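Results of the structural survey
Each chain is listed here by its residues.
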Amino acid sequence: MMQQHDPSNHPEAGGIVDFHYIELKDVGGKTSGEQDLRPCLIWNVRVIEMIQLVAVLPIVSGATKARVAISPAERAALGLADTTDVVFEEANVFLWPGPHLEPQADRSLVRPRRASKQLLNAIADGMTGRICNIIFRP
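Bear in mind the structure is a predicted one, so any value in this text is a computation, not a measurement.

**Examining helix H2 (residues 117-127)**
- Among the residues making up H2, those that are buried are Leu119, Leu120, Ile123 and Met127. Along the long axis of H2, the arc covered by the buried residues comes to 100°, so they all point the same way. In H2, those exposed residues whose orientation departs by more than 90 degrees from the buried face are Lys117, Gln118 and Asp125.
- Looking one or two residues past H2, Gly129 carries a phi angle of roughly 80°, positive in sign.

**With respect to the side chain of Asp18**
- With respect to the element layout, Asp18 can be found in strand S1 (residues 16-21).
- A distance of 2.8 Å separates polar atoms of two side chains, one belonging to Asp18 and the other to Gln104.
- For Asp18, the residues in contact, after removing those within four places along its chain, are Leu37, Arg38, Pro39, His100, Leu101, Glu102, Gln104 and Arg111.

**Structural notes on the pairing of strand S5 (residues 84-87)**
- Both faces of S5 are covered, namely the face carrying Thr84 and Val86 and the face carrying Asp85 and Val87.
- In terms of strand pairing, strand S3 (residues 51-61) meets S5 through three bridges, oriented antiparallel. Residue pairing for S5: Val60 is matched across the bridge by Asp85.
- Summarising the sheet, strand S4 (residues 67-69) and S5 pair through three bridges and their orientation is antiparallel. Bridge pairing in S5 places Arg67 opposite Val87.

**A closer look at the confidence of the model for the protein chain**
- Within the protein chain, residue pLDDT values average 89, and 88% of them lie at 70 or more.
- Counted against residues more than four places away or in other chains, residues 1-5, with its pLDDT under 50, gives four contacts.

**Thoughts on the pattern of salt bridges**
- Counting across every chain of the model gives eight salt bridges.
- A salt bridge links Asp85 to Arg67; its shortest N-O distance comes to 3.4 Å. Taken as a pair, Asp85 in strand S5 and Arg67 in strand S4 lie far apart in primary sequence, 18 residues in all.
- What emerges from the salt-bridge pattern is a single network uniting Glu23, Asp36, Arg38, Lys65 and Glu90.

**A few points about the nonpolar core**
- Counting residues in each nonpolar core, the largest one holds 17 residues, and the members touching the most others are Leu41, Leu57, Ile59, Val86, Phe88, Leu119 and Ile123.
- Mapped by element, the contributors of at least two residues to this core are S3 and H2.
- Considering each element in turn, this core owes the most residues, four residues, to H2.
- The contacts of Leu119, once residues within four sequence positions are left out, are Val68, Ala69, Ile70, Glu74 and Val86.
- In this structure, Val17, Ile42, Val54 and Leu109 belong to the second largest nonpolar core, which totals 15 residues.

Procedures and definitions
- Note on numbering: residues in each chain are counted from 1, in written sequence order.
- Totals for whole chains, interfaces and linings use all residues, but because this is a predicted model, local features are given only for residues with pLDDT of at least 70 and pairs of side-chain atoms are given and counted only at 80 or more.
- The side-chain values count all of the structure's non-hydrogen atoms but skip hydrogen atoms and water molecules.
- When accessible area is computed with a 1.4 Å probe and restricted to protein chains, residues below 20% of their type maximum are described as buried, those above 50% as exposed, and intermediate ones as partly exposed.
- Comment: elements are numbered from the N terminus, with helices defined as DSSP H or I runs of at least four residues and strands as E runs of at least two.
- Here the arc refers to the set of directions running from the helix axis out to each C-beta atom.
- Any pair of nitrogen or oxygen atoms within 3.5 Å is treated as a polar contact; in protein, a donor-acceptor pairing is required on top of that, and neighbouring residues in sequence qualify only through side-chain atoms on both sides.
- We call two residues contacting when some pair of their heavy atoms lies within 4.5 Å.
- Think of it this way: DSSP has to see at least two bridges between two strands before they count as a pair.
- The pLDDT score gives, residue by residue, the confidence of the prediction method on a 0 to 100 scale.
- Within this document, salt bridges are pairs made up of a side-chain nitrogen of Lys or Arg and a carboxyl oxygen of Asp or Glu, the two lying within 4 Å of each other.
- The nonpolar core is taken to be a set of buried Ala, Val, Leu, Ile, Met, Phe, Trp, Tyr and Cys residues, with the residues joined through side-chain atoms within 4.5 Å.

Dropping the structure here:
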């Protein structure tokens, strides 16, 4: 079933979604029911014809990989836990909307608040000269 166009369901860089994320180390090892539901930052959206290809970065606590800290004020505004960071060493890429998204209580796919331009710029700066591992999700 195709989603109706609705701004709350439209993927844009900086949007936050709840996503059944799978880490590179777990590819092939976890079933869809075992994938970690976590907030993720929409990093990039590519539109090809009518298809939207979306890349998300995980937002996690206690990250040990390449990451950018989220300021306490922005964490609170986005409804994130106090210890979360955006990891940019790997990303999940999928066709929007995709079965790995978890709708919000109001059935929208994207949380109401977006990440700040400052956070997006800090991630872009951190990615400079690095390779981001991509996990393609069917």
